[in-house]
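Next come the chains, spelled out residue by residue.
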Amino acid sequence: MTTRRTVLGLAAGVMAAATLAVSAPAAMAQEVTLRLHQFLPAQANVPKLVLDVWADNVEEASDGRIEVERYPSMQLGGTPPELIDQAIDGIADVVWTVVGYTPGRFPSTEVFELPFMVSDARAASSAYWQMFEEHMKDTEFSDVHILGTWVHGPGMFHANKEIRTPDDLQGMRIRGATRQVNALLEELGATPVGMPVPAVSEALSKGVIDGTTIPWEVTTALRVPELVENHTEFEGTGLYNVTFVLAMNKDRYESLPDDLKAVIDENSGHDFSVFAGGTQADADGPARQVAVDLGNNIITVGEDQVSVWRERSEPIYEAWVSEMNEKGIDGQALIDQARSLMEAYEGSN
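Residues numbered from 1 in each chain as written. Predicted model: local features only at pLDDT ≥ 70, side-chain atom pairs only at ≥ 80, totals over all residues. Heavy atoms only, no water.

A. Quick peek at unusual backbone geometry. For Phe-116, which is not glycine, the phi torsion reads 55 degrees and is therefore positive. Along the polypeptide, Phe-116 turns up in the loop between strand S3 (94-98) and helix H4 (121-136). A residue is classified by how much of its surface remains accessible, and Phe-116, at 3% relative accessible area, is buried. (Helix = DSSP H or I, 4+ residues; strand = E, 2+ residues; numbered from the N terminus. Buried < 20%, exposed > 50% of the residue type's maximum accessible area, 1.4 Å probe, protein only.)

B. Inspection of the pairing of strand S7 (residues 191-194) at higher detail. Pairing of strand S6 (residues 173-176) with S7, which is carried by four bridges, proceeds in the parallel orientation. Residue Gly-176 lies in a different strand from S7, and its bridge partner there is Gly-194. Between the parallel pair S6 and S7, the chain is carried across by helix H5 (residues 179-187), and the sense of this crossover is right-handed. (Pairing = 2+ DSSP bridges. Right-handed = clockwise from strand over helix to strand, strands pointing away.)

C. Summary view of the nonpolar core. Core analysis: the largest hydrophobic core is formed by 104 residues, its most contacted members being Trp-54, Phe-112, Leu-246, Ile-264 and Trp-309. Looking at this core, the element that brings in the most residues is H4, giving nine residues. Apart from residues lying up to four places away in sequence, Ile-264 is in contact with Leu-34, Trp-54, Val-58, Ile-66, Leu-147, Met-248, Tyr-253 and Leu-256. (Core = buried A, V, L, I, M, F, W, Y, C linked by side-chain atoms within 4.5 Å. Contact = heavy atoms within 4.5 Å.)

D. Region of interest: the pattern of salt bridges. This model, assessed by the stated rule, comprises 18 salt bridges. One salt bridge in this structure joins Arg-122 and Asp-282, with 2.7 Å as the shortest N-O distance. Of the two residues, Arg-122 sits in helix H4 while Asp-282 sits in helix H11 (residues 270-282), which places them 160 residues apart along the sequence. Take Asp-282: its relative accessible area is 46%, and that puts it in the partly exposed class. Members of the salt-bridge network, linked through shared partners, are Asp-52, Asp-56, Glu-59 and Arg-70. (Salt bridge = Lys/Arg side-chain N within 4 Å of Asp/Glu carboxyl O.)

E. Quick look at helix H13 (residues 303-326). Here H13 is 24 residues long and its end C-alpha atoms lie 34 Å apart, about the 34 Å a rise of 1.5 Å per residue gives. Bending of H13 peaks at approximately 35 degrees at the position of Ser-313, with proline Pro-315 no more than four residues after it. Listed in full, the buried residues belonging to H13 are Val-306, Trp-309, Ser-313, Ile-316, Tyr-317, Trp-320, Val-321 and Met-324. Residues of H13 that are buried sit in contact with strand S5 (156-159), H5, strand S9 (230-234), strand S11 (297-301) and helix H14 (331-348). Trailing H13 by a residue or two, Gly-328 shows a phi angle of about 85 degrees, which is positive. (Expected span 1.5 Å × (residues − 1). Bend = angle between axes of the 7 residues up to and from the residue.)

F. Structural context of the sheet that holds strand S4 (residues 145-151). Spatially, S2-S1-S3-S10-S4 is the arrangement adopted by the five strands of the open sheet, whose pairing is mixed. Of all strands in the sheet, those with a lone pairing partner are strand S2 (66-71) and S4, marking the two edges. For this sheet, the mean inter-axis angle between neighbouring strands, taken without regard to orientation, is 20 degrees. Alignment of S3 against strand S10 (residues 243-248), held across five bridges, turns out to be antiparallel. Residue pairing for S10: Val-94 is matched across the bridge by Met-248. Strand contacts of H4: S4 and S10, with the helix running at about 150 degrees to S4, the strand carrying the most contacts. (Axes fitted to C-alpha atoms, helices over the stretch in contact; angles between N-to-C directions.)

G. A look at helix H2 (residues 45-61). Compared with the 24 Å implied by 1.5 Å per residue over 17 residues, the 23 Å span of H2 between its first and last C-alpha is a close match. In H2, a bend of some 35 degrees at Asp-52 exceeds every other bend along the element. All of the buried residues in H2 are Asn-45, Val-46, Pro-47, Val-50, Leu-51, Trp-54, Ala-55 and Val-58.

H. The arrangement of the packing of aromatic side chains in detail. Scanning the model with the defined rule gives 14 aromatic pairs in all. On the basis of an interplanar angle of 40 degrees and a centroid distance of 5.4 Å, the ring pair of Phe-112 and Tyr-128 is categorised as tilted. Note that Phe-112 is positioned in the loop between S3 and H4 and Tyr-128 in helix H4, a separation of 16 residues in sequence. Like Tyr-128, Phe-112 is buried. Each ring, one from Phe-116 and one from Phe-234, has its centre 5.6 Å from the other, and the planes form 80 degrees; the classification is edge-to-face. (Phe/Tyr/Trp six-rings, centres within 6.5 Å; stacked < 30°, edge-to-face > 60°.)

I. Quick peek at the sheet that holds S6. Pairing within the open sheet is mixed, and its six strands lie in the order S7-S6-S8-S5-S9-S11. Single-partner strands in this sheet number two, and they are S7 and S11. This sheet shows a mean twist of 25 degrees between the axes of neighbouring strands, independent of strand direction. As paired elements, S9 and S11 share five bridges and run parallel to each other. Bridging from a neighbouring strand, Asn-230 pairs with Asn-297 of S11.

J. Inspection of the confidence of the model for the chain at higher detail. This prediction gives the chain a mean pLDDT of 92; 92% of its residues lie at or above 70. Contacts of residues 1-28 to residues separated by more than four positions or lying in other chains number three contacts, the stretch itself having pLDDT below 50. (pLDDT = per-residue confidence, 0-100.)

K. Representation of the pairing of S10 in the model. Burial analysis of S10 places six of its six residues in the buried class, which makes it a mostly covered element. In S10, alternate side chains face the same way, and those of Thr-243, Val-245 and Ala-247 on one face and Phe-244, Leu-246 and Met-248 on the other are all buried.

In structure tokens form, the structure reads like this:
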């Protein structure tokens, strides 16, 4: 005979089984959520072509056990210069940032930001990762887990008047990308104005600055070709380059099970760094075409004239080497090693 107690017991069993059936797949699926924070709009080239690719690959390789939530345009709060500390403090799990937003804090990275140092973003990104592992991992970046190190394509001028020679910069207010670019601008007679790249559009539109130093690829996201008509690029090497890191909170990384650490590792490191730098540089061409289509004035400084710019930038090298020596860092050795590694990469590719 079926009693009321039996019916209730059967019903409870069915409910428990149903609950397990619903909850078990969910538990087997996503185990870790990582918050990725950065300063550009989601549709800009780096988020779209680099960061989303990294995040999608991590999610896929983990079979959905890792979810990467993407927060563009500083949506988790704070300012771009605070991003590296957000990674260190755990406010965000992963951040992408410009190292130079915290001037002088990671001095060894500046070797790739010296004027006319880099001719190929892939070669420089490869050298940067190798030098990070040798010189920076356990020193300057010891408080954070670095996933990638790279540079963008050639840095250049975008301004409201023509810039052909160093003397054309006299009296101009130019947004500088890093401490070393600001030093170069000052050496050449311009007034450097420091600001994170998201502030460039408003500063140009309001006349706060007369021009800016950025690579081609980010000009479209910032509407720069609509705000100025003159662009000065350099044959051979860029005027400068900026160093980036993709950084993860150290405790967050260490808390992952070994197989998920392996997923992160397999999608980070040297090859990812080369991919990131190369992808960012490859985006220069389409962005440049936007300025061409608008009929803007594009000035290309030939290699014969670049030598004049190089000569004027020599004091920046001398000052940087001296400053590094004071910090107990062999600046000239870093320059020599960076050049050697970049030449080796270019020679093998």
